[in-house]
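An overview of the molecular structure
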Amino acid sequence: MDLFLGIDVGSTASKCVIVNAQGQVVARGLHATGAGTAGPRLCVEEALRGIGLASVEEVASSCSTGYGRHLEAWTDKQVSELSCHAKGAAKLFEGVRTVIDIGGQDAKVLSLSEDGKLVDFVMNDKCAAGTGRFLDVMAGVFGCGVSDLSELDRESTEVAPISSTCTVFAESEVISKLAAGTPIPNIVAGVHESVVERTYGLAKRAGIKPVVAMTGGVALNDALRERLENRIGHPIATTDDAQFVGAYGAALFALG
Ligand code: ADP
């Protein structure tokens, strides 16, 4: 059986997806990127192990994407994460025209043509606000995991707004609110609204056309995604595998 491998070396997490000749996912791996090439290698090994393969030599073709793709010189192709997210999303979400991708260190909004081709994008990669990093920092202040933020938000009774847009100042603001006795769920709601506002700004610049889909690790935060749906006024399609969409797109590029 011919297999095709995609690896997305993100700033935070490295993701690997292996597809068969029909483009169906047969294996996946995920590992913190960390420094150097150990994280990416471990995510590839995890995916290979999942289908009993010993080495990347056994796949027919491979493609790397993500900010660290240039370190993966063993792959046959290297394709930008914009193209890979667009390709993966177009295959996963029928009729998708707008893809909101929020990862560990940047946020992007992609515009796709009717036939699923990337036509334009806007991006925030200058500042941690509005990215997964912002949420990771805030989760650290609350003493919880980033995956707990959604449930906390659901317990909120009102939004405690965060006025600082800078992550460092916003962190101080959160600490002050905690010290003043503001309930954590309400602060979490404020943190989420702050990310929503940044994302809405990007999406408005890009132009919001339905179907709208969300990819990247932050899409796993259901409460944040629902707040974003309310703000932009469209339902947002996603998948439990949102973090793998770039790697999936890369695997589809490897397939050709
Ligand atoms: P990158 O490609 O830049 O490494 P990812 O798309 O992998 O980024 O997303 C990483 C971000 O996703 C993390 O910074 C974190 O904020 C968020 N994230 C990861 N897992 C979860 C989860 N289970 N629930 C909510 N957020 C998550």
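Report follows, based on the coordinates. (Residues numbered from 1 in each chain as written. Predicted model: local features only at pLDDT ≥ 70, side-chain atom pairs only at ≥ 80, totals over all residues. Heavy atoms only, no water.)

**A word on the packing of helix α5 (residues 167-179) against helix α6 (residues 184-206)**
Where α5 contacts α6, the two axes come as close as 10 Å, and the packing angle between them is 160 degrees. Taken together, the axes of α5 and α6 are roughly antiparallel relative to one another. Crossing of α5 against α6: the hand is right-handed. Across from V174, K177 and L178 in α5, the residues of α6 making contact are I184, I187 and V191. (Axes fitted to C-alpha atoms, helices over the stretch in contact; angles between N-to-C directions. Helix = DSSP H or I, 4+ residues; strand = E, 2+ residues; numbered from the N terminus. Parallel < 35°, antiparallel > 145°, perpendicular 65-115°, else oblique. Left-handed = near helix turned anticlockwise from the far one by under 90°. Contact = heavy atoms within 4.5 Å.)

**With respect to helix α3 (residues 132-142)**
Turn by turn, an α-helix covers 3.6 residues, leaving residues three or four places apart pointing in a common direction. Buried within α3 we find G132, F134, L135, V137, M138, A139 and F142. Downstream of α3 by one or two residues, G143 has phi in the positive range, about 75 degrees. (Buried < 20%, exposed > 50% of the residue type's maximum accessible area, 1.4 Å probe, protein only.)

**Focus: the site of the ligand**
Around the ligand, the surrounding shell holds 17 residues, and the nearest of these are T12, A13, K15, G104 and D136. In the model, an oxygen atom of the ligand is placed 3.2 Å from a nitrogen or oxygen of the G132 main chain. Between the ligand and the protein, one listed contact pairs an oxygen atom with a side-chain N or O atom of Q243 at 2.8 Å. Summarising the interface, the protein chains cover 85% of the accessible area of the ligand, which totals 580 Å² for the free molecule. If you map the ligand onto the pockets, it falls in the largest pocket. Elements with a minimum of two residues in the shell around the ligand: β2 (13-20) and α3. Split into classes, the residues belonging to the shell around the ligand amount to 4 nonpolar, 11 polar and 2 charged. (Near = heavy atom within 4 Å. Polar contact = N/O pair within 3.5 Å; in protein donor to acceptor, adjacent residues only side chain to side chain. Areas by Shrake-Rupley, 256 points an atom, 1.4 Å probe, with all protein chains shown as cover. 1 Å grid on protein atoms, 1.4 Å probe; cavity = no way out; pocket = protein on both sides within 12 Å on 5 of 7 lines; lining within 4 Å. Sits in = over half its atoms within 2 Å of the grid points. Nonpolar A, V, L, I, M, F, W, Y, C, P; charged D, E, K, R; others polar.)

**Remarks on the pattern of salt bridges**
Applying the stated criterion across every chain yields a total of 11 salt bridges. The salt bridge partner of D241 is R28, with a shortest N-O separation of 2.3 Å. You can see D241 sitting in the loop between β10 (236-237) and α8 (245-255) and its partner R28 sitting in strand β3 (residues 25-32), a full 213 residues away along the chain. Given a relative accessible area of 33%, D241 falls into the partly exposed group. Its salt-bridge partner being E197, residue R231 comes within 3.0 Å of it at the nearest N-O pair. Of this pair, R231 sits in helix α7 (residues 222-232) while E197 is found in helix α6, placing the two residues 34 residues apart along the sequence. (Salt bridge = Lys/Arg side-chain N within 4 Å of Asp/Glu carboxyl O.)

**Observations concerning the layout of surface pockets**
Taken as a whole, the largest pocket holds about 680 Å³ of empty space. G103, G104, G217, V218 and Q243 are the residues nearest the centre of the largest pocket, which is lined by 32 residues in total. Every element with two or more residues in the lining of the largest pocket is listed here: β1 (3-9), β2, α2 (81-92), β6 (98-102) and α3. The element contributing the most residues to the lining of the largest pocket is α3, with 3 residues. Grouping the amino acids of the lining of the largest pocket by side-chain chemistry returns 9 nonpolar, 15 polar and 8 charged. Volume-wise, the second largest pocket comes out at about 230 Å³. What lines the second largest pocket is simply S83, A86, K87, A90, K91, D115, G116, K117, L118, L252 and F253. (Points joined across faces, edges and corners; volume = space filled by probe spheres on them.)

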